[in-house]
Amino acid sequence: MADRYLSFTGTAPGRFLTRRLGLPRPAPLHRWLPERPELDGGRLLLTAGKSDLDLAAADLGLTTAAEHPAAVVLDATGVRDVGTLAEVHTALHPVVRSVAESGRIVVLGAPLDPADHHQAAAQQALEGFTRSLGKEIGRGRTVNLVRLTDARAAASTLGFLLSPKSAYVSGQVVEVGAREVTPPDDPARPLAGRTALVTGAARGIGEAVAETLARDGARVVVLDVPQAEDDARRVADRLGGTSLALDITAPDAGERIAAALPDGLDVLVHNAGITRDRRLVNMPAERWNAVLDVNLASVLRTTDALLAAGTLRTGGRIVATASIAGLAGNAGQTNYGASKAGIAGLVRALAPRALDGHGVTVNAVAPGFIETKMTAAVPLFIREAGRRMNSLAQGGLPADVAETTAWLAHPASGAVNGQVVRVCGQSLLGA
Ligand code: NAD
């Protein structure tokens, strides 16, 4: 369903009215297009504190002067006490106004040092700073914080956050470890030679994920319920992949996926999900059980089965789908919120073990309001609230979730593990 308000605010009367009435003013976002793959403008590097980070290793094309930067990277890894936080203000205050529309601010922080509460206080302060700036900056601009120690290990993350691919990701804090990473041979097709399976990919977000992973070179397997077999086959044919008609709640779903992929799997995207909304007082057990089974139990079962069968190859990626409803809670969604919070628990606990045991990373995307058939069915008033109640004042597109998934699936994202990344335009819910 088209966002008519967004189109209207782009017209002269729309601009006039929204300014006069103090209404939300969403800016059209610059999303990734083959003919416009980068933001227009330079990438400015600023520093606060004394940094030891070797940013040149990330090869990001940063400069020390840019008049209307498309992106600003503030290296604040050297901020070790509250006094030095003043340098964050000194660095950004003069340039923040000049950052281009749909521009990016990426703050680089250090992991919190549990042995130094002054460093921890100053570094945690960067989180509140980032989220606050994200809420006030406007004009389609985003602000995110990356905690890192090794710039090379974070190159894929910084590349994503500084590109149009992260248009709907704002107010996020991502931690990147210090693992050795291998950049792909062909940066335009980083998943070439790899196989990716996406559950619930016959339509909606899953279809967009399959499409984006195929764009990045993966051979995709489009899994969906037998009732959606025709749609799944149509998607697979369009992307040069294969389809698999399977209900993931089947007790042997993992074994059947393993049998369908004798050569192994590199990227497993748990996207299939359902809602069965009711307040708890009115919710029959069937609704509760159906949502917990599709959204959480089957994710655990198939993940365990595919890891046990050795189907997921070393260097593999698991990306599960949470939701802001699981992080913030939502009236009428106790079942859904529980299932999606469970995903975050699964990711955090499994990530270190999967990496050590199988060389596999485990992360989650947590979409906010995304324009799909599911949200088009939401009553008008709630739909409008969902669209506007975020820092970008608009809904996201399936492609936004897909690009985030593709970044987590990237061969050079091996140091990103155990993260739950919201794709929500910095939703005001639970932010
Ligand atoms: P959708 O309903 O359009 O698509 C979901 C797909 O999953 C469908 O093709 C469906 O057939 C498939 N599916 C459902 N049960 C299945 C099963 N048992 N086995 C195999 N496939 C099954 O939903 P969507 O909006 O594209 O959402 C995709 C994911 O993103 C879900 O996990 C959803 O909870 C999550 N999410 C969506 C939003 C949003 O705003 N749309 C927000 C937060 C989270």
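All figures in this text were calculated on a predicted structure; none of them were measured in a lab.

1. Brief notes about the environment of serine 102
So, point 1. Locating serine 102 in the fold gives a position in the loop between helix H3 (86-92) and strand S4 (104-109).
So, point 2. Residue classification places serine 102 among the buried positions, given a relative accessible area of 6%.
So, point 3. Ignoring sequence-local partners within four residues, the contact set of serine 102 consists of Pro28, Leu29, His30, Leu39, Arg139, Gly140 and Arg141.

2. With respect to the sheet that holds strand S1 (residues 43-49)
So, point 1. The six strands lie next to each other as S2-S1-S3-S4-S5-S6, forming an open sheet whose pairing is parallel. If you trace the sheet from one side to the other, it starts and ends with strand S2 (62-63) and strand S6 (173-175), each paired once.
So, point 2. By the bridge criterion, two bridges tie S1 to S2 in an arrangement that is parallel. Looking at S2, one finds that arginine 43 is bridged to leucine 62.

3. Considerations on the side chain of asparagine 335
So, point 1. Of note, asparagine 335 is situated in helix H11 (residues 334-358).
So, point 2. There is a polar contact of 3.4 Å between the side chain of asparagine 335 and the backbone oxygen of arginine 287.
So, point 3. The contacts of asparagine 335, once residues within four sequence positions are left out, are Arg276, Met283, Arg287, Trp288, Val291 and Leu292.

4. Details of a nonpolar patch on the surface
So, point 1. The grouping of Phe8, Phe16, Leu17, Leu21 and Leu23 at the surface amounts to a nonpolar patch, some 460 Å² of accessible area in total.
So, point 2. Tallying contributions element by element places helix H2 (residues 12-21) first for the nonpolar patch, with three residues.
So, point 3. Summarising the element assignment, leucine 17 is placed in helix H2.

5. As for the site of the ligand
So, point 1. Lining the immediate environment of the ligand, one finds 28 residues, of which Arg203, Ile205, Asp224, Asn271 and Tyr336 sit closest.
So, point 2. One of the side-chain nitrogen or oxygen atoms of aspartate 247 is found 2.8 Å away from a nitrogen atom of the ligand.
So, point 3. Between asparagine 271 and the ligand, the recorded distance is 2.7 Å, taken from a backbone N or O atom to an oxygen atom.
So, point 4. Where the shell around the ligand is concerned, the elements lending two or more residues are helix H6 (204-215), strand S8 (219-224), H11 and helix H12 (373-376).
So, point 5. Residue composition of the shell around the ligand, grouped by class: 14 nonpolar, ten polar and four charged.

6. Some remarks on helix H13 (residues 380-388)
At 3.6 residues per turn, the α-helix brings residues three or four places apart onto the same side.
So, point 1. Those residues of H13 that sit buried are Arg383, Arg387 and Arg388. The arc that holds every buried residue of H13, seen down its axis, measures 120 degrees, which confines them to one face. Relative to its buried face, H13 has exposed residues pointing more than 90 degrees away, namely Phe381 and Ile382.
So, point 2. Of the surrounding secondary structure, the elements contacted by the buried residues of H13 are helix H1 (4-9) and H12.

7. Details of the nonpolar core
So, point 1. Counting residues in each nonpolar core, the largest one holds 59 residues, and the members touching the most others are Leu108, Leu158 and Leu213.
So, point 2. No fewer than three residues from each of domain 1 (31-175) and domain 2 (195-423) sit in this core.
So, point 3. In this view, leucine 158 contacts Leu55, Leu60, Val106, Leu108, Val146 and Leu148; residues no more than four positions away in its chain are not counted.
So, point 4. If you look at the next biggest cluster of nonpolar residues, it comprises 40 residues, including Leu246, Ile274, Val294 and Ala325.

8. Quick notes on the packing of aromatic side chains
So, point 1. One pass over the full model with this rule turns up one aromatic pair.
So, point 2. The lysine or arginine in question, arginine 215, covers the ring of tryptophan 32, its NZ or CZ lying 4.3 Å from the ring centre.

9. A few points about the sheet that holds strand S11 (residues 312-321)
So, point 1. One open sheet holds the seven strands; their spatial order is S9-S8-S7-S10-S11-S12-S13, and the pairing between them is parallel. Looking at the sheet topology across the chains shown, the edges are occupied by strand S9 (242-245) and strand S13 (420-423). Averaged over all pairs of adjacent strands, the angle between strand axes in this sheet comes to 20 degrees, irrespective of strand direction.
So, point 2. Here S8 pairs with S9 via four bridges, running parallel. Within S9, the residue paired with leucine 223 across the bridge is leucine 244.

10. Points about the packing of helix H9 (residues 285-308) against H11
So, point 1. It is at 9 Å that the axes of H9 and H11 come closest, and there the two elements cross at 10 degrees. Between H9 and H11, the angle is such that the two are roughly parallel. Counting all contacts with H9, which are made through Arg287, Trp288, Val291, Leu292, Asn295, Leu296, Val299, Leu300, Thr303 and Leu307, the residues of H11 involved are Thr334, Asn335, Tyr336, Ala338, Ser339, Lys340, Gly342, Ile343, Leu346, Leu350 and His358.
So, point 2. By residue class, the composition of the contact of H9 with H11 is twelve nonpolar, seven polar and two charged.

11. With respect to the environment of leucine 280
So, point 1. Mapped onto the elements, leucine 280 comes out in the loop between strand S10 (265-270) and H9.
So, point 2. A residue is classified by how much of its surface remains accessible, and leucine 280, at 55% relative accessible area, is exposed.

Rules used in this analysis
Residues numbered from 1 in each chain as written. Predicted model: local features only at pLDDT ≥ 70, side-chain atom pairs only at ≥ 80, totals over all residues. Heavy atoms only, no water. Helix = DSSP H or I, 4+ residues; strand = E, 2+ residues; numbered from the N terminus. Buried < 20%, exposed > 50% of the residue type's maximum accessible area, 1.4 Å probe, protein only. Contact = heavy atoms within 4.5 Å. Pairing = 2+ DSSP bridges. Polar contact = N/O pair within 3.5 Å; in protein donor to acceptor, adjacent residues only side chain to side chain. Patch = residues over 30% accessible without salt bridge, like charges linked within 9 Å, V, L, I, M, F, W, Y side chains within 5 Å. Areas by Shrake-Rupley, 256 points an atom, 1.4 Å probe, with all protein chains shown as cover. Salt bridge = Lys/Arg side-chain N within 4 Å of Asp/Glu carboxyl O. Near = heavy atom within 4 Å. Nonpolar A, V, L, I, M, F, W, Y, C, P; charged D, E, K, R; others polar. Arc of directions from axis to C-beta. Core = buried A, V, L, I, M, F, W, Y, C linked by side-chain atoms within 4.5 Å. Domains from an automatic or database assignment. Phe/Tyr/Trp six-rings, centres within 6.5 Å; stacked < 30°, edge-to-face > 60°. Lys NZ or Arg CZ within 6 Å of the ring centre and 35° of its normal. Axes fitted to C-alpha atoms, helices over the stretch in contact; angles between N-to-C directions. Parallel < 35°, antiparallel > 145°, perpendicular 65-115°, else oblique.

Honestly, that's just the spatial picture; any functional story needs more than this.
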